[in-house]
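Topology and contacts: notes
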Amino acid sequence: MTTETPTTVHERTTVPSKGPKRMRRATALEFVGALAVAAGAVIIARSTFGLESLLGLVIVGYLGFVATIALVEVIGLPHDEVSDLAGEESPAPALQAVPDMDESPDLPVRRRKIKGEDVAEYLVAAIGAIASAELIRVFLHMDSLVGVVIWGYVAFLGLFFVLARDRLSVEAAVDRVVSVFVWSVGLIVAATLVWMVSYVVVKGAKALSWTFFTQDLSKVGPLNSGGGAKHAIIGTIEQVAIATVAVIPIGILTAVYLHEINGRIAKPVRFIVDAMAGLPSIVAGLLIYTVWVSKYGYSGLAGAFALSILMLPTMTRASEEILRTVPDPLREGALALGAPQWRLVQRVVVPTALAGLVTASLLAIARAIGETAPLLLTAFGSTDTNYNVTHGPQSALPLFVWSLIRLPNTRQNDRAWTGALVLLILVFVLFASARYVSSRGRRRLEGRR
Amino acid sequence: MTSTVPGLESVAATDTNAASLRARNVSAWFGKRKVLERCTLDMDARRVTALIGPSGCGKSTFLRILNRMHEVIPGAQIAGKVVLDGVDIYGGELPATQVRMRIGMVFQKPNPFPSMSIYDNVLAGLKLARIPVSDKDALVEECLRRAGMWDEVKDRFKEGGMSLSGGQQQRLCIARSLAVRPRVLLMDEPCSALDPISTRVVEETIAELAPQITIVIVTHNMQQAARVSSQCAFFLVEEMGEPGRIVEVNETKKMFESPEDPRTLDYVTGRFG
């Protein structure tokens, strides 16, 4: 094995563009890395694939060593461009007139194109990372998949850094490692979302049918098929609609007070609104339970009250942020025309911020539509369709999901998943319309109609 | 409230509209910092008065005091009198909204209302003050003509105000100010955000408006002051931290050829500032 090292040193010294100091370090690392890969290959071959013969193990180790050295050499070979840039011996180009550009194709140059070496670098780092993870699994008897994946990931970043540093420079290597890290964090978040949504879609599609929207659960036994969430959908629509109608004007007017008038009590009001935003939702339910439900009984209206308490701070603070985006010169322009302040707010500030205010409302609705805790103590939930929002227990989609998923019965559980799917679709539609409205509003403010 | 805008019904009677504006011993503060001291200036009807001077000498503050826009800024205070045709605008007879309707203002950066079309931008002042108009189309055409942009926009009224170029936006703001029939028009460096061609068009607009209305213009550009104004006031902060004062008021021609104060001479010949 040791006979391999002088050869590599010799090969490397003939490369003109690399400084001697950096080269030595890289070669030593290569050697150590190759030894590690060889040892890893032996161990994996023995414990994972059950290879017991000594000759076989020696061959595996030797092959691993040679293959690693060869791969690193191939990656580390100086590329033409790189040697041009870093070459100390290459003479400075003589001054000349602008070269004839007609021959070069008139196409945009892709400076960040992924080249063959990059792919090889990723591949080597990935293979090395898998091997290291396997080693750690074998040595530490680590059986949890999460642990192995984390170890493999860390090993990947480390190997990738070493390879990139060897080929380019420390700065470029740090840059690449950080961008790989940031990419993977983004991927994890996106993957979580996709996984969650697809899980709900797959599970919820089972019981999804037309009757899910047209029937309730009042005449359906726990083991029967059919039935649906009509009662819950009606409850959700009625409760959220009442809460929205109550909250939007109060929220926008409070925001106007906070930002446009900014009166004496603006600071305490802002503080209270912020404190309300942190209120646990069950406390909102408890409050309504004490002051309303204990006197008038369970009802959808009580649920709407509890939802309003939760929506109000979201709506107010979001609206205030939106009003902040209206440029002050517009306010001055309106005042200079002789407008009283209330007309200025009504005719200039609110219309300019309209798209943002619609977005704020939709987001507040989306927040309230999935709340369960405050409804438990106020709307209570039911299996019958109750159109009357002012009297008697009423169901809602989150309550429907919550009550059915707890039952030891697949049919009921399937219904709960379908309820979750319908809820998800509702929220998605709200978010999509919020995005649409705000993008249209931005287009208009920029002068495109 | 609806009948107090003079001349709104008679489109032709524009040259009787102008009023004189007299500032007497005007001082101004932002919080505790005094920025203007005892400024006295007569701005006669149907004349263009230019306020010149280096940055930070209180020209814009003085201009904003003339239509009560100074007090919009938190912590702003003033002393002194500003008299519009015999009525002290700080005397309590007129509410601030009425003062601003009579003394219009055009700002440094064009600020058309993005939520309104070009047409509605011109009528914005009337809508904001809830003044009924009998013939909107005629009023819009007249104001856009006076602002020198009728031919450019007559086919695109319904487009948003932000779809115009910077110079057009500024002239739209001038048209918007004219629609409430102000008697005085204040302009706070109206061309500083515009290119030379738009600047020339706005200056031509000022020249056309000058016989009809009293104009007060703040400008950093001395050639512009020489071109558009008939009277100049030179503002100066003599020492760092002191309030700004009016050093000299004179006919524009004299101001640039033979100023009385040596500091004015230094400034207009470009020796400082």
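Residues numbered from 1 in each chain as written. Chains lettered and ligands numbered in written order. Predicted model: local features only at pLDDT ≥ 70, side-chain atom pairs only at ≥ 80, totals over all residues.

**Looking at the overall build of chain B**
For chain B, the count of helices and strands is ten helices and ten strands. Over its C-alpha trace chain B gives a radius of gyration of 18 Å, about what one expects of a compact globule, namely 19 Å for 273 residues. By principal-axis analysis of the C-alpha atoms, chain B measures approximately 50 × 40 × 35 Å. The burial tally for chain B puts 48% of its 273 residues in the buried class. (Helix = DSSP H or I, 4+ residues; strand = E, 2+ residues; numbered from the N terminus. Rg over C-alpha atoms; globule rule 2.2 N^0.38 Å. Buried ≥ 20, exposed ≤ 12 C-beta atoms within 10 Å, placed from the backbone.)

**Things to note about the overall build of chain A**
Counting secondary structure elements, chain A contains 17 helices and zero strands. In chain A, which comprises 449 residues, the proportion classed as buried is 35%. Considering only intrachain contacts with a sequence separation of at least 6, the fraction spanning at least 24 residues in chain A is 72%. (Contact = placed C-beta atoms within 7 Å.)

**Examining the pairing of strand β2 (residues 33-43) of chain B**
Residue and element names in this part refer to chain B. Judged from the seven bridges that link them, strand β1 (residues 21-30) and β2 form a sheet pairing that is antiparallel. In the strand pairing of β2, Ala23 is matched with Leu41. Counted along the chain from β1 to the antiparallel partner β2, the turn is two residues long, and its residue Gly31 has a positive phi close to 65°. (Pairing = 2+ DSSP bridges.)

**Details of the domain arrangement of chain A**
Per the domain assignment, the segments of chain A are domain 1 (4-78 + 115-182) and domain 2 (211-445). Placing a centre on the C-alpha atoms of domain 1 of chain A and another on those of domain 2 of chain A gives a separation of 55 Å. (Domains from an automatic or database assignment.)

**Some points on the sheet that holds strand β10 (residues 245-251) of chain B**
All names here are of chain B. With respect to topology, six strands assemble into an open sheet ordered β6-β7-β8-β3-β9-β10, the strand pairing being mixed. Both edges of this open sheet fall to β6 (103-106) and β10, since each of them pairs with a single strand only. Each neighbouring strand pair of the sheet contributes to a mean axis angle of 20°, computed without reference to strand direction. Direction of pairing for strand β7 (residues 184-188) relative to strand β8 (residues 214-218): parallel, over a ladder of five bridges. Across the sheet, Met187 pairs through a bridge with Ile217, a residue of β8. (Axes fitted to C-alpha atoms, helices over the stretch in contact; angles between N-to-C directions.)

**Digging into the sheet that holds β1 of chain B**
Residue and element names in this part refer to chain B. In spatial order, the strands read β2-β1-β4-β5; together these four strands make up an open sheet with antiparallel pairing. Two strands close off the open sheet at either side, each with one partner strand: β2 and β5 (87-88). Pairing analysis gives eight bridges linking β1 to strand β4 (residues 76-84), with the strands arranged antiparallel. Looking at the pairing, Phe30 lines up with Ala76 of β4. In the packing of helix α1 (residues 59-66) onto the sheet, the strands contacted are β1, β2 and β4, and the crossing angle to β1 comes to about 120°.

**Points about the interface of chain A and chain B**
On the side of chain B, 27 residues touch chain A, which itself brings 22 residues to the contact. With seven residues, the top contributor of residues to the side of chain A that touches chain B is helix α13 (residues 328-336) of chain A. Partitioning the side of chain A that touches chain B into residue classes produces twelve nonpolar, four polar and six charged. (Nonpolar A, V, L, I, M, F, W, Y, C, P; charged D, E, K, R; others polar.)

**What to know about the environment of Glu371 of chain A**
All names here are of chain A. As for its placement among the helices and strands, Glu371 is situated in the loop between α14 (341-369) and α15 (373-376). A sequence separation of 25 residues divides Glu371 from Ala396, and the C-alpha atoms of the two residues are 9.5 Å apart. For Glu371, the contacting residues outside a window of four places in its chain are Ser281, Leu307, Leu310 and Pro398.

**Looking at the packing of helix α5 (residues 116-140) of chain A against helix α6 (residues 145-167) of chain A**
Residue and element names in this part refer to chain A. Two elements in contact, α5 and α6, have axes separated by 7 Å at closest approach and are oriented at 140°. Viewed along their axes, α5 and α6 adopt a mutual orientation that is oblique. Handedness of the α5/α6 crossing: right-handed. In this structure, α5 contributes Glu117, Glu121, Val124, Ala125, Ala126, Gly128, Ala129, Ile130, Ser132, Ala133, Ile136 and Arg137 to the contact, and α6 contributes Val148, Trp151, Gly152, Ala155, Phe156, Leu159, Phe160, Leu163, Ala164 and Arg167. (Parallel < 35°, antiparallel > 145°, perpendicular 65-115°, else oblique. Left-handed = near helix turned anticlockwise from the far one by under 90°.)

**Overview of helix α11 (residues 281-296) of chain A**
For the α-helix, the turn length of 3.6 residues means that residues three or four positions removed from each other point alike. Residues and elements named next belong to chain A. The end-to-end C-alpha distance of α11 is 21 Å, a good match for the 22 Å that 16 residues give at a rise of 1.5 Å each. The sharpest bend along α11 comes to roughly 50°, located at Tyr289. Among the residues making up α11, those that are buried are Ala284, Gly285, Ile288 and Val293. On its buried face, α11 sits against α12 (300-324) and α15. Gly297 lies just past α11 and shows a positive phi near 85°. (Expected span 1.5 Å × (residues − 1). Bend = angle between axes of the 7 residues up to and from the residue.)

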